[in-house]
Amino acid sequence: MSRRRGFSPLRDLPALLWLILLLGVVLVHPFVPAPRWLMIHLLLLGAVSHSILVWSQHFADTLLHTAPRPSDARTRSVRLAMLNGGVVVVVAGVLSDVWPVTAVGATAVAGAAGWHGVALVGLLRRALPARFGATVRYYVAAAAMLPVGGFLGVLMARGLGDPRHVEVMLAHAAVNVLGWMGLTVVGTLVTLWPTMLRTRIAPGAERVAQRALPVLVGGVVVTAAGALAGQRLVAALGLVGYLAGLAVAAVPFTSAARGKPPAHFPTYSVLAATAWLVGCVGALAVGVGTATSWEAAHDRVEWFTPALAAGFGAQVLLGALSYLIPVALRGGPTPVRAANTILDRGSALRVVLANGGLLVCLLPVPTVVRVLASALVAGALAAFVPLLFAAMRASRCAKRAQESTSPTTGPGGPTGRGAPRPHGPAPAAGDRPAGQLRGLAAVGLAAVVLTVAAGVALDPSALTSTAASADAGVRANGQTRTVAVQAANMRFTPAVIEVPAGTHLVIELTNTDDGDVHDLVLDSGADSGRLSPGESTTVDVGVVGRDLDGWCSVLGHRQMGMVLAVHATGKAPAAGGSDAANGGHAGHQHGPATTEPDPAGGHEHDATVPAAVQEAELPPLEDGRVHRHTFTVSETELEVAPGVTQRLWTYNGSAPGPVLHGRVGDRFEITLVNDGTIGHSIDFHAGALAPDGPMRTIPPGESLTFGFTARKAGIWMYHCSSMPMSAHIANGMFGAVVIEPRDLAPVDRSYLLVQSEQYHGPQGGVVDMDKLQTERPDAVVFNGYPNQYDARQLPARVGERVRIWLLDAGPNRTTSFHVVGGQFDTVYAEGDYLLRSGSTAGQRDSGGSQALALAPAQGGFVELTFTEAGHYPFLSHVMVDAERGAHGVLEVRPSR
């Protein structure tokens, strides 16, 4: 029998270190590359693989009654170092996207597994016949699988197109998870499971194990071969064969559980793990077998490895270690019992939280619910780490107490012997009343239910869209269209997808953002799942027979305009499919979105801003001192946000209306022509005159001429003053008049930004009065379109003086204008300087300003210079409005 002689860092530490590292990645996963891949492989390739090498060798020595030779300890340590070092290199290669590094690491891992298998074959040959020698043959078969799985993983790391990537991914998962892990676990549980239950091994268990092994191996081989050959039905049959092998092996397993039901964390956890193994393989067999294409099977393959990693891999590892580590710590029954008691704390609660939370994650729930449920799972599984340290401390304390009272006790406990045989008795933790266990389980179930409720409360909009079939009863036309969509900068690109009704649509979604997490949810129920920066996935929309609305469900992203519309052409839109359900941003855009490169930063921005939107450059001063203008009122349908059109009431066809630019003393003669369908007017704040005549409402078809002299400097608002005034302003009837002060110094660049609010009505309709009266804007914008200057960045150069004129047109929201990374040395508000560059002798740079605050109908300007090239965002520091669209970027290039 093998003896475990004291603590060995190489043998005992790595599995725990991999788990601790995994916990760290779980906590910071939004900020690390490829977090999902990393978490799966830290667990399965790191912690589980190391434990397989250690414990399968230990059980092989025990079951075959062989004593390790003097040289065995060294070679086993080298194999462990080779495995763990290879895993480190694989992780480094994948995260750095350097394929040769990944290949080197995978070779080391495969070499360690192959060497382990060869050593086990040698052990079988020199050992006498043993009752449970079949278990060692499971280990040999498993060791033969990992090199194949590693090779397939290297192929994927190098890059494969679809559907080849999906085929190889299924083969890779089958060989590594069902082969390397699954065979090892099934073989070990033949003897370990009854030992954990403290019952006898069922008669004939060894013969059952012998019969199940070839069936299980055949299932893995057929699954992988079918996937690599592109034969979905063959792969599905292989999975069914693997299920058949599990059914054979389950006979003694279930017999032992019926005789002595699980009562402690190790057995609870292992039982749950085996249930996940059976359930996942069965579900995958059905999913792959019934899929119409490999693209359609992608989503069914994609959940398989994460579900097995957490449900099967993590739980079987933690359950087995919770049983084996107290025994491996040595010291006799008292220290073992002390460690067992600690590791068994909250067993029912932990198991219910882990498994209930994981079930919720796999259901079609809102993304916020899925995130909270995954936190439950992570917390329940991570509790093992602090409990393990506490158990080790309790074992040491018990051993010290035992040694102080029993001086003759040897270093291995009362008998001086090491770990018991895997099929021998085990000391038990103190049994607890069944009522206590049921109470803990009820608490866990209640926590899962409350988590779901909390997720819905955080994102109630997830319940406002009832999932309906994408096909709407339309017959498939046999065509499939695949569209690549990028998620970045609070936009999907393209934001509109048009497909003929009856077409099968597949969306290849990639998160190209620098640091944010996104997903795509469609009102048909299709869901991409959360994607970290750089990650991609495929969303199988299915046959499209109606217009679909999509959005990013990350909290707040939908409200900031991250929406997508799918249009089914050749068929009338589905009833009730308005953009209102999507926060007013989704809907009918007239063409696909494009992207334009940012020459300075290399980023891409949404470039769907229509040409009719007003430019930000301040128009030059008008010639002469008398300025004649005609303002024609029209009802114009314009795109006011991505995919959103509204029938605006405009002056000269734009909102804001034309900019007037003059000096103090200039005369303006205005002719108002009403070509609309209701009465309108115009009110110029730049003129001081009785409003009775010039500002009166005129009916459709009439005109009005009047004049005023600009006697005061400033930036002045003009707007329609017909009632309800708020509706006329909000529906587009406003603009700016810039009257320069007499002593205004020249600058290198002058920009004009008019902030206003949008309250979207129905698609192609007018302002929504309910939103307006309750002050619930869909967007807050500069110059008529949200975030347009993120796409069309305003240019400047280092050293240039830039003046930005600002007007808050409202009708309701204030603003606090700020340039990120900039400081204002001149601030002019409502006709006076609040701060003026060089105004204090000898103290030119003694003060500065960070923001210009304006209420509706107020205006002013700020000036600043830039000392460094870069991208300087400007925004309303009323942050909710910046996130609604009052945002842009100054692109500052090096000086000439």
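Here, every reference points to the structure presented above.
Residues numbered from 1 in each chain as written. Predicted model: local features only at pLDDT ≥ 70, side-chain atom pairs only at ≥ 80, totals over all residues. Heavy atoms only, no water.

### Side note on the overall build of the protein
And step 1. Scanning the protein from terminus to terminus reveals 21 helices and 29 strands.
And step 2. Here the protein holds 896 residues, and the buried ones make up 54% of them.
And step 3. Sequence-distant contacts, at least 24 apart, represent 76% of the contacts inside the protein between residues at least 6 apart.
And step 4. A total of about 36,000 Å² of accessible surface is found on the protein, and carbon and sulfur atoms cover 60% of it. (Helix = DSSP H or I, 4+ residues; strand = E, 2+ residues; numbered from the N terminus. Buried < 20%, exposed > 50% of the residue type's maximum accessible area, 1.4 Å probe, protein only. Contact = heavy atoms within 4.5 Å. Areas by Shrake-Rupley, 256 points an atom, 1.4 Å probe, with all protein chains shown as cover.)

### Considering helix H13 (residues 333-343)
And step 1. Those residues of H13 lying buried are Pro335, Val336, Ala339, Asn340, Ile342 and Leu343. One side of H13 holds all its buried residues, which, seen down the axis, span an arc of 160 degrees.
And step 2. Close packing links the buried residues of H13 with helix H10 (265-290), helix H12 (304-328), helix H14 (347-362) and helix H16 (384-405). (Arc of directions from axis to C-beta.)

### Quick look at the sheet that holds strand S19 (residues 749-758)
And step 1. Sheet architecture is open: 6 strands sit in the order S20-S19-S22-S27-S24-S25, paired in mixed fashion. Strands at the two margins of the open sheet, each flanked by one partner only, are strand S20 (779-782) and strand S25 (832-835). Averaged over all pairs of adjacent strands, the angle between strand axes in this sheet comes to 20 degrees, irrespective of strand direction.
And step 2. Across 7 bridges, strand S22 (residues 801-810) lies against strand S27 (residues 859-865) in antiparallel orientation. Within S27, the residue paired with Leu806 across the bridge is Gly860. (Pairing = 2+ DSSP bridges. Axes fitted to C-alpha atoms, helices over the stretch in contact; angles between N-to-C directions.)

### What to know about the pattern of salt bridges
And step 1. Considering all chains together, one arrives at 17 salt bridges under this definition.
And step 2. Glu635 is paired through a salt bridge with Arg647; the nearest N and O atoms lie 3.8 Å apart. Here Arg647 lies in strand S12 (residues 644-651) and Glu635 lies in strand S11 (residues 626-641), a separation of 12 residues in the sequence.
And step 3. The exposure class assigned to Glu635 is partly exposed, which follows from its relative accessible area of 26%.
And step 4. Residue Arg884 is joined to Asp881 by a salt bridge in which the shortest nitrogen-to-oxygen separation is 2.9 Å. With Arg884 and Asp881 both in helix H21 (residues 879-884) and 3 residues apart, this pair spans about one turn of that helix. With respect to burial, Arg884 and Asp881 carry one shared label: buried.
And step 5. Salt bridges here are not isolated pairs; linked through shared partners, they connect Arg801, Arg803, Asp825 and Glu863. (Salt bridge = Lys/Arg side-chain N within 4 Å of Asp/Glu carboxyl O.)

### A closer look at the side chain of Asp523
And step 1. Mapped onto the elements, Asp523 comes out in the loop between strand S5 (521-522) and strand S6 (536-544).
And step 2. Relative accessible area serves as the criterion here: at 12%, Asp523 is assigned to the buried category.

### Let's talk about helix H3 (residues 35-64)
And step 1. The terminal C-alpha atoms of H3, which comprises 30 residues, lie 41 Å apart, in line with the 44 Å expected from a rise of 1.5 Å per residue.
And step 2. Along H3, the sharpest kink reaches roughly 30 degrees, centred on His41.
And step 3. Taking burial as the measure, the 30 residues of H3 include 27 buried ones, the bulk of the element. (Expected span 1.5 Å × (residues − 1). Bend = angle between axes of the 7 residues up to and from the residue.)

### What about the packing of H13 against H16?
And step 1. The geometry of H13 relative to H16 is characterised by a closest axis approach of 8 Å and an angle of 155 degrees between their N-to-C directions. Comparing the axis directions of H13 and H16 gives the class roughly antiparallel. Of the two elements, H13 crosses H16, and the hand of that crossing is right-handed. The segment H13 lies against H16, with Thr334, Pro335, Ala338, Ala339, Ile342 and Leu343 engaging Phe384, Leu387, Leu388, Ala390, Ala391, Ala394, Ser395, Ala398, Lys399 and Gln402.
And step 2. Among the residues forming the contact of H13 with H16, the class breakdown is 12 nonpolar, 3 polar and 1 charged. (Parallel < 35°, antiparallel > 145°, perpendicular 65-115°, else oblique. Left-handed = near helix turned anticlockwise from the far one by under 90°. Nonpolar A, V, L, I, M, F, W, Y, C, P; charged D, E, K, R; others polar.)

### Examining the sheet that holds strand S14 (residues 667-674)
And step 1. Spatial ordering of the open sheet is given by S12-S11-S14-S16, a layout of 4 strands whose pairing is mixed. Each edge of the open sheet is held by one strand with a lone partner, namely S12 and strand S16 (703-709). Between one strand axis and the next, the sheet turns by 25 degrees as a mean value, whatever way the strands run.
And step 2. Two strands pair when backbone bridges link them, and S14 and S16 are joined in this way by 7 bridges, in the antiparallel orientation. Bridging across to S16, Glu669 finds its partner in Gly707.

### Section: unusual backbone geometry
And step 1. Geometrically, the link from Thr493 to Pro494 is a cis peptide bond, its omega value of 0 degrees lying close to zero.
And step 2. Structurally, Pro494 is set in the loop between strand S2 (491-493) and strand S3 (496-500).
And step 3. One non-glycine residue, His65, adopts positive backbone phi at about 60 degrees.
And step 4. Looking at the element boundaries, His65 is found in the loop between H3 and helix H4 (72-96).
And step 5. Although it is not a glycine, Asn783 adopts a positive phi angle of roughly 60 degrees.
And step 6. With respect to the secondary-structure elements, Asn783 resides in the loop between S20 and helix H20 (788-791).
And step 7. On the accessibility criterion, Asn783 (0% relative accessible area) is buried.

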